[in-house]
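# Understanding the architecture of this molecule
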Amino acid sequence: MGMIQATQIVNEERPIAGKTVSVSVVQRLRPPTRFQVALLGMQGLLQGMWLTLTYFWSPVEVVTREYPENRDSLKITERFRGNLRFKFPNEVAHQTHSALLEQIAQETQTHPEVAENWIRDEDDTRWYHNCTGCSKCEEACPNASIRILTRHGEILDDREIDRFVWRLDSCMFCNACVLACPWDAIEMTGGFENAVFDRRLLVYSLNRLAAPRINLIQDEQDPAVRARMIDWRSRYGGPIPLGGTGLPNLPAIGAPKVQECPVSHAGSTAVAP
Ligand code: SF4
Ligand code: SF4
């Protein structure tokens, strides 16, 4: 679209203090008439309509994505950050999980993604983690969106994670927490379907296991002792300790509600207090 210029710059040679100096002079132009403005507006409108018409004739060039119809084929770039979650702690946990999914999928004759629903808690390696509860991520967060609650692990006589509370409602996805983690325990993912009707559902508990990090569990040979190292945190029940500051003291409405984390295999759960 043509631009209406209010000023123009003219370069001139001018004698200053006995010397000829090159200067740039800004000249104010005569303002356009209403007719000129209307003409230029019409030109821009026609250009836009022409582009729309060309898309009618060549739909291959259309770049608009039709969401949610294209949900299955939607491409999210790797850089996009929409959700914080615990990483699969190591290849062993990942392989165990994949093998378990395939086994259940075969037994139930379903797709592995559907089989996720049949995994029992005690077999679910998604919940193993590398988090030590060191709170570096909490310290790095500029928005106080993370609250790390630790407990004293009796078996190892050391500190371990009790609850990793993440407030999506105040997170600005800056990734500072991920970079600050010395144990590579958390990551940002591309899940973006986070909309809820009650903002209290935007407080997530990232961990389901109150336990030391996975390597320490795997180092223990005695299965009975290993089992004692792990405490399952209820996905549904109980008030979640809310982290962050300035959270309004909202009244509880009815029974506790739960919403599965929108990231398909993140394994985090949002719990309404
Ligand atoms: S991404 Fe940034 S704002 Fe969000 S929890 Fe991490 S450090 Fe805090
Ligand atoms: S996620 Fe990382 S930085 Fe945060 S508490 Fe766990 S180990 Fe520490």
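Residues numbered from 1 in each chain as written. Chains lettered and ligands numbered in written order. Predicted model: local features only at pLDDT ≥ 70, side-chain atom pairs only at ≥ 80, totals over all residues. Heavy atoms only, no water.

## Section: the overall build of the chain
Helix and strand counts for the chain come out as 7 helices and 11 strands. In the chain, buried positions account for 33% of the 273 residues. Considering only intrachain contacts with a sequence separation of at least 6, the fraction spanning at least 24 residues in the chain is 65%. (Helix = DSSP H or I, 4+ residues; strand = E, 2+ residues; numbered from the N terminus. Buried < 20%, exposed > 50% of the residue type's maximum accessible area, 1.4 Å probe, protein only. Contact = heavy atoms within 4.5 Å.)

## Concerning the site of ligand 1
In the vicinity of ligand 1 lie 13 residues, with Cys-141, Cys-171, Cys-174, Asn-175 and Cys-177 positioned nearest. Its residues placed into classes, the shell around ligand 1 shows 11 nonpolar, 2 polar and no charged. (Near = heavy atom within 4 Å. Nonpolar A, V, L, I, M, F, W, Y, C, P; charged D, E, K, R; others polar.)

## Concerning the pattern of salt bridges
Considering all chains together, one arrives at 8 salt bridges under this definition. Asp-184 serves as the salt-bridge partner of Lys-87, at 2.9 Å between the closest nitrogen and oxygen. Here Lys-87, found in the loop between β3 (83-86) and α2 (91-108), pairs with Asp-184, found in the loop between α5 (176-180) and β6 (186-189); they are 97 residues apart in sequence, far enough to count as distant. Three or more residues are tied together by salt bridges with common partners; here these are Arg-151, Glu-160 and Asp-231. (Salt bridge = Lys/Arg side-chain N within 4 Å of Asp/Glu carboxyl O.)

## Here we look at the nonpolar core
Leu-84, Ile-146, Phe-164, Trp-166, Ile-186 and Leu-206 are the most contacted members of the largest nonpolar core, which totals 20 residues. Looking at this core, the elements that each hand over two or more residues are β3, β4 (146-153), β5 (158-167), α5 and β6. Per element, the largest residue contribution to this core is 3 residues, and it comes from β5. The residues contacting Ile-146, other than those within four sequence positions of it, are Leu-84, Cys-137, Glu-138, Cys-141, Phe-164, Val-165, Trp-166 and Cys-177. (Core = buried A, V, L, I, M, F, W, Y, C linked by side-chain atoms within 4.5 Å.)

## A look at the confidence of the model for the chain
In this model, the chain carries a mean pLDDT of 79, and residues with pLDDT of at least 70 account for 82%. Segment residues 236-273 is flagged for pLDDT under 50; beyond a separation of four residues in sequence, or across chains, it makes 82 contacts in the model. (pLDDT = per-residue confidence, 0-100.)

## What about the pairing of β3?
Burial along β3 is two-sided: Asn-83 and Arg-85 and Leu-84 and Phe-86, pointing in opposite directions, are all buried. Two elements, β3 and β6, share 4 bridges in a ladder whose sense is antiparallel. The partner of Arg-85 across the bridge, within β6, is Glu-187. (Pairing = 2+ DSSP bridges.)

## A closer look at the packing of aromatic side chains
The full count for this structure, using the stated rule, is 4 aromatic pairs. On the numbers, 5.6 Å between centres and 40° between planes, the contact of Trp-166 with Tyr-204 is tilted. Pair noted here: Trp-166 is in strand β5 and Tyr-204 is in strand β7 (residues 203-205), with a separation of 38 residues, a long-range link. Relative accessible area serves as the criterion here: at 1%, Trp-166 is assigned to the buried category. Judged by relative accessible area, which is 0%, Tyr-204 ranks as buried. Cation over ring: Arg-208 sits above Trp-127, and NZ or CZ is 5.8 Å from the ring centre. (Phe/Tyr/Trp six-rings, centres within 6.5 Å; stacked < 30°, edge-to-face > 60°. Lys NZ or Arg CZ within 6 Å of the ring centre and 35° of its normal.)

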